[in-house]
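Descriptive analysis of the structure
Here is what each chain is made of, one letter per residue.
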Amino acid sequence: MTQSTDSLAKQIAAIATLEGRFTLRSGQTTHTYFDKYRFEGSPKLLKPLAAEMAKLIPAGTEIIAGLELGGVPLVTGISLETGLPAAFVRKEAKTYGTCRAIEGQDVAGQTVTFIEDVITTGGAVSDAYELAVAEGAHVHAVVCAIWRGEGAPHIAGTPGLPVFPVFTRDQLEAAA
């Protein structure tokens, strides 16, 4: 980590690391939890985090797409940082109005990079991938704030999709 990312890691760890017993989306339990809303709701942390995430966006990305709910403030900040158009991926298509799962941009035929907050196994990313492909998107990567999973960053349900984290669980735990 650079000096600036080391400082950011310490700030995020200080505000977002909770100790206790928590059940994750994957069903796993943990004693250390990163409350993403604590850093996503803080402009002094969201802005530099979006700048760090922007550096990880792969070349050729035409649209960045934030996953509901935690990816939405991140993708907005990254869009402001990069000028790339932002889309917002719902957990499922609406049953009213546009009846779409992806709002804000037409992703058909576009090269899309997903933006996510914290990934453990990537279940939400796999679900979003299926929705995006159904709308004709070419999803080629995921950029996340924190990889809290085991081993190298990966999406269990979509193994060929590269994952680029700003921080890992180990880095944040060491910074705490």
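Let me sum up the structure you'll find in this document. (Residues numbered from 1 in each chain as written. Predicted model: local features only at pLDDT ≥ 70, side-chain atom pairs only at ≥ 80, totals over all residues. Heavy atoms only, no water.)

**What to know about the side chain of Glu116**
Note on placement: Glu116 falls in strand S6 (residues 111-119). Within the buried core, Glu116 has no salt-bridge partner, and the shortest N-O distance to an opposite charge, that of Lys36, equals 6.6 Å. Once residues within four sequence positions are removed from consideration, Glu116 is found in contact with Met53, Leu67, Gly71, Leu74, Ala124, Val125, Val142, Val143, Cys144 and Ala145. (Helix = DSSP H or I, 4+ residues; strand = E, 2+ residues; numbered from the N terminus. Buried < 20%, exposed > 50% of the residue type's maximum accessible area, 1.4 Å probe, protein only. Lys, Arg positive; Asp, Glu negative; His and termini not counted. Salt bridge = Lys/Arg side-chain N within 4 Å of Asp/Glu carboxyl O. Contact = heavy atoms within 4.5 Å.)

**Section: the sheet that holds strand S8 (residues 163-168)**
The 6 strands lie next to each other as S5-S4-S3-S6-S7-S8, forming an open sheet whose pairing is mixed. At either end of the open sheet lies a strand with only one pairing partner, and these are strand S5 (102-103) and S8. In terms of strand pairing, strand S3 (residues 63-67) meets S6 through 4 bridges, oriented parallel. When the bridges of S6 are listed, Ala65 appears paired with Phe114. Against the sheet, helix H5 (residues 123-134) engages S3, strand S4 (86-89), S5, S6 and strand S7 (138-147), with an angle of about 160° to S6. (Pairing = 2+ DSSP bridges. Axes fitted to C-alpha atoms, helices over the stretch in contact; angles between N-to-C directions.)

**Some remarks on the packing of aromatic side chains**
Within this structure, the stated rule accounts for 1 aromatic pair. Ring centres of Phe22 and Tyr33 lie 5.0 Å apart, and the angle between their planes is 25°; this geometry places the pair in the stacked category. With Phe22 in strand S1 (residues 17-23) and Tyr33 in strand S2 (residues 29-34), the pair connects residues that are 11 residues apart, well separated along the chain. The class of Phe22 is partly exposed, set by a relative accessible area of 21%. Tyr33 gets classed as partly exposed once you look at its relative accessible area, which sits at 24%. (Phe/Tyr/Trp six-rings, centres within 6.5 Å; stacked < 30°, edge-to-face > 60°.)

Remember that the coordinates give geometry; whether it matters functionally is a separate question.
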